[in-house]
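# Summary of structural features
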Amino acid sequence: MAKQIAYRLLKECTSLRNAKLLHQQTLIRGTSKQMAIDIISMYLSCECPSYALTVLEHLQPSPSLVYWWNVLIKKDVHIGLFNDSLSLFSRMTGMGWTADHYTYPFVLKACDARKMFDEMCQRGVTDKVSWNSIVAAYMQSGDSDEALMLFMRMTTSVKLLPDVVSLVNILPTFGSGGALEHGRQVHGLAVRSGLFDDVFVGNAILNMYAKCKMMDHAKKVFDVMEDKDVVTWNAMVTAYSQSGSFKDVLLLVEKMKEKRIEMDVVTWSAVIAGYAQRGHGCEALDVFRQMQISGSVPNVVTLISLLSGCATAGALLQGKETHCYSMKCILKREGVGHEEDKMVNNALIDMYAKCHDVSSARCIFDSLTFIERNVVTWTAMIGGYAQQGDANDSVKVFSEMMRGSSTPNAFTISCVLMACSRLSALRSGKEIHAYALRNRYENSMLHVANCLIDMYSKCGDVDAARNVFDNMKQRNDVSWISLMTGYGMHGRGEDALEYFDGMLKAGFVPEGLTFVVVLYACSHSGMVDQAINYFNNMTKDFGVIPQVEHYACMVDVLGRAGRLNEAVELINRMPVEPSQIVWVALLSACKTHTNVELGELASKKLLEMDSENDGSYTLLSNIYADAGCWNDVARIRSLMKKSGIRKRPGYSYVQGKKGNTTFFVGDRSHPQSEQIYKVLADLILRIKELGYIPKTRYALHDVADEEKNDLLSEHSEKLALAYGILTSYPGAPIRIIKNLRICGDCHSAITFISKIVDHEIIVRDPSRFHHFKKGSCSCKGYW
C-alpha cells in the first residue's frame, strides 16, 4: 500500500522540495527499478539534472536505461556545456555502461567536430573520409540542410568525386525533403561513376524515389538492380505498402517466396503498417497471422502497426491479445528504449479508445507519469474521449494538459475542438481559437481551421464560422463542405448554395458528399424546387450517381414540405433497395404532418429490417398520439416494453456563466427550482395574452386538457429557457441544447417568448438549430 501511495505521489509531484521528500521516503522504504526511473523523471521535470544523475549512478548498467544518460548528455549539449557532456560520457563508460546509437551523435557534437574539420580545410589536409565523416555527423544529428550544403561543397568547390559512403550518406536528405531534382542528379552521378551497381547505393536511390512518392522511378531502379538483398526487397515492399498499392505488395511478396527470399520482421511490419494506415484493419490482422505462422518474431514497429489495425477494425479482442503480448515481451523490458515504451503505450490508448473501451484507455493513461506522457499520449486520450462522445472528459484532459509542461500540437487542438462541437461549448471553443491564433495554428494547419468552422457552426455561431473561412489562406473541399453544412444546420439554405457556387468557381469538383450537404441545406430551408433540380442534374452535370443517402435527403425534402405522396413515389422508383435512413426520413415526415397510414407503412418496413430502435417506435407512437389513436399508442408502448426497448429520456441543458445546467421533464432538483417555475409560469401567462394557445396534442398522454397543459409547461426546454432568463445578463444570447427533437408546443411557446424578452434564444436539437428572435424562428416551419 505504501508503495502504491509513493507511486501516486511521484506522478503528481511538481516541486523540488516535494521531490526531495518523496525521494527520502522511497529510500527508507526501499526503491524498485521502476520507482528509481520515476524519481529520475521527476527530478528532470523539476529541472534538477544533478539529482537525477545521483539516482542513475546507483542503478545497475542496463541497455534500456542508457536512455537517461542520453537525456542528460543531450541536455548539456543543447545549452552549450560541451565539456560537461563529455565528462558525463566518460563517467558513464567508466561505470560499465555501454553507449547506444543515440549516444554518439550528441557526443560527437560535443567534441565540436565542425571546428576541427574547418581547421583541416584551412590546412588543406581534408580527404574523402573526412568529408564523409562530417556529412554523416550532421545527418545523424538531424541537420540535413547543413549535410547537403557540405556535400555540394565537396563535389563542386573541392571537386572530390563521391564514393559509396558519400552517396549513401546524402541520399536520405533528398527523400525526406522531397528534393526530387537533387536526387535525380545524384542518381545520374551514381550511374556515371559506376557506383549504382553497389547494392547499398541502389537501395538508397530506391528509397529516395519512394519517399518522394515517385513509385514508377522506384520500380525502374528495383528492376535494373542486378544485385538485390533483403533490404532491397523490403524497401520496395515498404514503398508499395505506404502508397496503398496492396496488389503490388502481394505480387512482390509472392516473388520473394518464389526466389526463396525469407521475409523478415521488416517486411512483415511494412505490409501490416500499410494496411493499417489505409484503414484496412482486418487485412492487417490477417497478415499478422501469416507472420506468426512463418515464425517471424514481431518487434515494436510491428505491434504498433498491429494495434493501429485493431483500432481501425474495432477488433478489441485482438487488441487485448496484442496488449498482453506487449506487456510480456516489450514494455519495460531489457533492451527496449524508453521512447519505444511511449510509442506502444500511445498505440494502446488509441486502440482502446477507437474500440469503444475508453475506460481501459484511461487506465493506461493514468498509469503513466507526466514525464512519460508526450503530446501524442495526451492527444490520443483527448481524441478518444471526443470521438466516443465523452466530450466533457475530453475538455477536462485538455485543461489538465495545459496546466502541465506538454504543448499541444495541431492534432490536439483539432480533437478538443471536436469535443467543443459536441458540447456546443462556445466559450471553450473561443478560448481554444484564441490559443490557436496566438500560437499560429489556424494559419499553418488547414485541419485546425476546418475544425474551427465545424465548432462555430455546431455551437450556434455560423457567422463566426464564415469569418474563419474567409480568413483562410488555403482551403480544401472539407473547408467548403463544413461551412455549407453549418449554413444548412441553421436554415440558411441560400447562403449554403451561394458558397456551393463559390466552391465550383474555385475549381473544386463536387462529389457525392457535397450533394448530400446541398440537399440537406435545401431541406432545412424549404427550397424544394432547388433540391429537385440539383438531384435531377447532378449525374448529367457532375457525373455523380445518386446513392441511398441522396434519396433519403430527397424524401426528407419532400416530406418536410408535406409532399408525402411524391416522397413515396420517389422511394418506389429507387434503383436500389431503400435502406433504414430512407424509411426513417419518411416516418419523421409522417410525424410532422400526422399521416398515420404512411407512418404505419414506414414503421412496418423498418421492423422488417430488424430496426428496433427507440426512435422509430417513438415516432410511430407520437403519430398515433397526434391522431388521438390512444389504443395504438398503448399497443406500441407495450410492444416496446416486451422487446426491451426503452425510450430515451429527453433532456435539455443551457449554457451559463459557470458551465452547463441540465433539466429533465418535470425537473425539480435544481436549488433554484421554485424561482425557475415562477419565471416560467409568468412567461406562459404573458404569452397567452399575446395569443399563445398550448398545443395539447404534444402532451402525448390520454389525459384531460388541463393536465396536458401542466405536462407541457414542464418540458425540459421550457425549464432550461426559464433558468437561462433568470441567470443571464440582459441581452445575452441564451443557448439551449436538446438531445431529442424540439417539441412542437415548446417551439410555439419559445417563439412567443422571444417577443417579450431581450434575448436571442438559440436551440440546438439533433436535427438543426432554431434561432428565436422578436417573435420568429429561423427554421420558418421547416423542422
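Please read all numbers here as calculations on a predicted model, not as lab measurements.

When its secondary structure is counted, the protein shows 43 helices and 6 strands. Counting over 783 residues, the protein shows a buried share of 49%. Sequence separation of at least 24 residues holds for 62% of the intrachain contacts in the protein that already meet a minimum separation of 6.

Right, let's talk about the sheet that holds strand β3 (residues 734-738) for a bit. In spatial order, the strands read β2-β1-β3-β4-β5-β6; together these 6 strands make up an open sheet with mixed pairing. Strands at the two margins of the open sheet, each flanked by one partner only, are β2 (659-664) and β6 (776-777). Sheet analysis places strand β4 (residues 761-764) next to strand β5 (residues 769-773), joined by 4 bridges and oriented antiparallel. From the neighbouring strand, Arg 764 faces β5, where its bridge partner is Phe 769.

All chains considered together, the criterion is met by 18 salt bridges. Arg 466 is paired through a salt bridge with Asp 470; the nearest N and O atoms lie 3.6 Å apart. On the criterion of helical spacing, the pair formed by Arg 466 and Asp 470 is a turn pair, its members being 4 residues apart in helix α29 (residues 462-470). A relative accessible area of 23% places Arg 466 in the partly exposed class. On the accessibility criterion, Asp 470 (39% relative accessible area) is partly exposed.

Before going further, it helps to examine α29. Among the residues of α29, those classed as buried are Val 462, Ala 464, Ala 465, Val 468 and Phe 469. Taken around the axis of α29, the buried residues stretch over an arc of 155°, which confines them to a single face.

Bringing the packing of helix α24 (residues 391-403) against helix α25 (residues 410-423) into the picture now. Between α24 and α25, the least distance of the axes is 8 Å, while the angle of their chain directions is 140°. As summarised for this structure, α24 and α25 are arranged oblique, according to the angle between their axes. Once α24 is placed against α25, the crossing between them reads as left-handed. Residue-level inspection shows Ala 391, Asn 392, Ser 394, Val 395, Phe 398 and Met 401 of α24 in contact with α25, the latter providing Thr 412, Ile 413, Cys 415, Val 416, Ala 419, Cys 420, Arg 422 and Leu 423. In the contact of α24 with α25, the residues fall into 10 nonpolar, 3 polar and 1 charged.

Attention shifts here to the environment of Val 77. Position of Val 77 among the secondary structure elements: in helix α5 (residues 66-78). Once the C-alpha coordinates of Val 77 and Cys 111 are considered, the two residues, 34 residues apart in sequence, prove to be 9.9 Å apart.

Quick look at the packing of helix α16 (residues 246-258) against helix α17 (residues 265-277) now. The geometry of α16 relative to α17 is characterised by a closest axis approach of 11 Å and an angle of 165° between their N-to-C directions. Relative to α17, α16 is oriented roughly antiparallel. Both α16 and α17 take part in a crossing whose hand is left-handed. Between α16 and α17, the contacting residues are Phe 246, Val 249, Leu 250 and Met 256 on the first element and Thr 267, Val 271, Gly 274 and Tyr 275 on the second. The class makeup of the residues in the contact of α16 with α17 is 6 nonpolar, 2 polar and no charged.

Let us look at the nonpolar core. Among soluble globular proteins, nonpolar side chains are generally buried collectively. Judged by nonpolar contacts, the single largest core of 169 residues is most densely connected at Ile 205 and Leu 586. Apart from the residues within four sequence positions on either side, Leu 586 is in contact with Val 555, Leu 564, Ala 567, Val 568, Ile 571 and Ala 602. One finds Tyr 677, Leu 719, Tyr 723 and Cys 746 within the second-largest nonpolar core, a separate group that totals 32 residues.

What follows deals with the packing of aromatic side chains. Following the criterion strictly, the structure yields 17 aromatic pairs and no others. Where Phe 469 meets Tyr 499, the ring centres are 5.5 Å apart and the plane angle is 80°; that geometry is what we call edge-to-face. With Phe 469 in helix α29 and Tyr 499 in helix α31 (residues 493-505), this residue pair connects regions lying 30 residues apart in the sequence. Judged on exposure class, the residue Phe 469 and its partner Tyr 499 are both buried. Between Trp 480 and Tyr 499, the ring centres sit 6.4 Å apart and the planes meet at 55°, which makes this aromatic pair tilted. Of the two residues, Trp 480 is situated in helix α30 (residues 477-489) and Tyr 499 in helix α31; the sequence distance between them amounts to 19 residues. One exposure class covers both Trp 480 and Tyr 499, and it is buried.

With that settled, the discussion passes to the pairing of strand β1 (residues 651-656). One ladder, built from 6 bridges, connects β1 with β2; its direction is antiparallel. Bridge assignment links Gly 656 to a residue of β2, and that residue is Gly 659. Hairpin connection of β1 to β2: 2 residues between the antiparallel strands.

A few words now on the confidence of the model for the protein. Confidence along the protein averages 84 in pLDDT terms, with 90% of residues attaining 70 or more. Low pLDDT, under 50, characterises residues 701-708; the predicted model gives this stretch 11 contacts beyond four residues in sequence or across chains.

This brings us to empty space enclosed by the protein. This structure, assessed with the given rule, holds 2 cavities of 30 Å³ or more. Of the pockets and cavities examined, the largest cavity occupies roughly 40 Å³. Counting only elements with at least two residues in the lining of the largest cavity, the list comes to β3 and β4. Classifying every residue of the lining of the largest cavity gives 6 nonpolar, 2 polar and 2 charged.

By the secondary structure assignment, Gln 655 is in strand β1. Residues contacting Gln 655, with those up to four places away along its chain left out, are Leu 423, Ser 424, Ala 425, Leu 426, Asn 660, Arg 735 and Ile 737.

What follows covers the UniProt feature "repeat: PPR" (unreviewed entry) in the protein. Sequence positions flagged by UniProt for "repeat: PPR" (unreviewed entry) are, in local numbering, residues 127-157, 198-228, 229-263, 264-298, 374-408, 445-475 and 476-510. Helix makes up 74% of residues 198-228 and strand 0%. Its end C-alpha atoms lie 10 Å apart. Along residues 476-510, the helical share is 74% and the strand share 0%, with 12 Å between the first and last C-alpha atoms.

It is worth spelling out helix α33 (residues 528-542) at this point. Compared with the 21 Å implied by 1.5 Å per residue over 15 residues, the 20 Å span of α33 between its first and last C-alpha is a close match. For α33, the principal kink sits at Asn 536 and spans about 40°. Taken together, the buried positions of α33 are occupied by Val 528, Ala 531, Tyr 534, Phe 535, Asn 537 and Met 538. Buried residues in α33 make contact with α31, α32 (512-523), α34 (548-560) and α35 (564-572). Among the residues trailing α33, Gly 543 stands out with phi positive, at a value near 75°.

Turning next to the side chain of Ser 673. Inspection of the secondary structure puts Ser 673 in helix α40 (residues 673-689). Exposure remark for Ser 673: the relative accessible area of 10% places this residue in the buried category. Not counting chain neighbours up to four residues away, the residues in contact with Ser 673 comprise Asp 667 and Arg 668.

Thresholds applied
Residues numbered from 1 in each chain as written. Predicted model: local features only at pLDDT ≥ 70, side-chain atom pairs only at ≥ 80, totals over all residues. Heavy atoms only, no water. Helix = DSSP H or I, 4+ residues; strand = E, 2+ residues; numbered from the N terminus. Buried < 20%, exposed > 50% of the residue type's maximum accessible area, 1.4 Å probe, protein only. Contact = heavy atoms within 4.5 Å. Pairing = 2+ DSSP bridges. Salt bridge = Lys/Arg side-chain N within 4 Å of Asp/Glu carboxyl O. Arc of directions from axis to C-beta. Axes fitted to C-alpha atoms, helices over the stretch in contact; angles between N-to-C directions. Parallel < 35°, antiparallel > 145°, perpendicular 65-115°, else oblique. Left-handed = near helix turned anticlockwise from the far one by under 90°. Nonpolar A, V, L, I, M, F, W, Y, C, P; charged D, E, K, R; others polar. Core = buried A, V, L, I, M, F, W, Y, C linked by side-chain atoms within 4.5 Å. Phe/Tyr/Trp six-rings, centres within 6.5 Å; stacked < 30°, edge-to-face > 60°. pLDDT = per-residue confidence, 0-100. 1 Å grid on protein atoms, 1.4 Å probe; cavity = no way out; pocket = protein on both sides within 12 Å on 5 of 7 lines; lining within 4 Å. Points joined across faces, edges and corners; volume = space filled by probe spheres on them. UniProt positions renumbered as here; feature names shortened; annotations may be inferred. Expected span 1.5 Å × (residues − 1). Bend = angle between axes of the 7 residues up to and from the residue.

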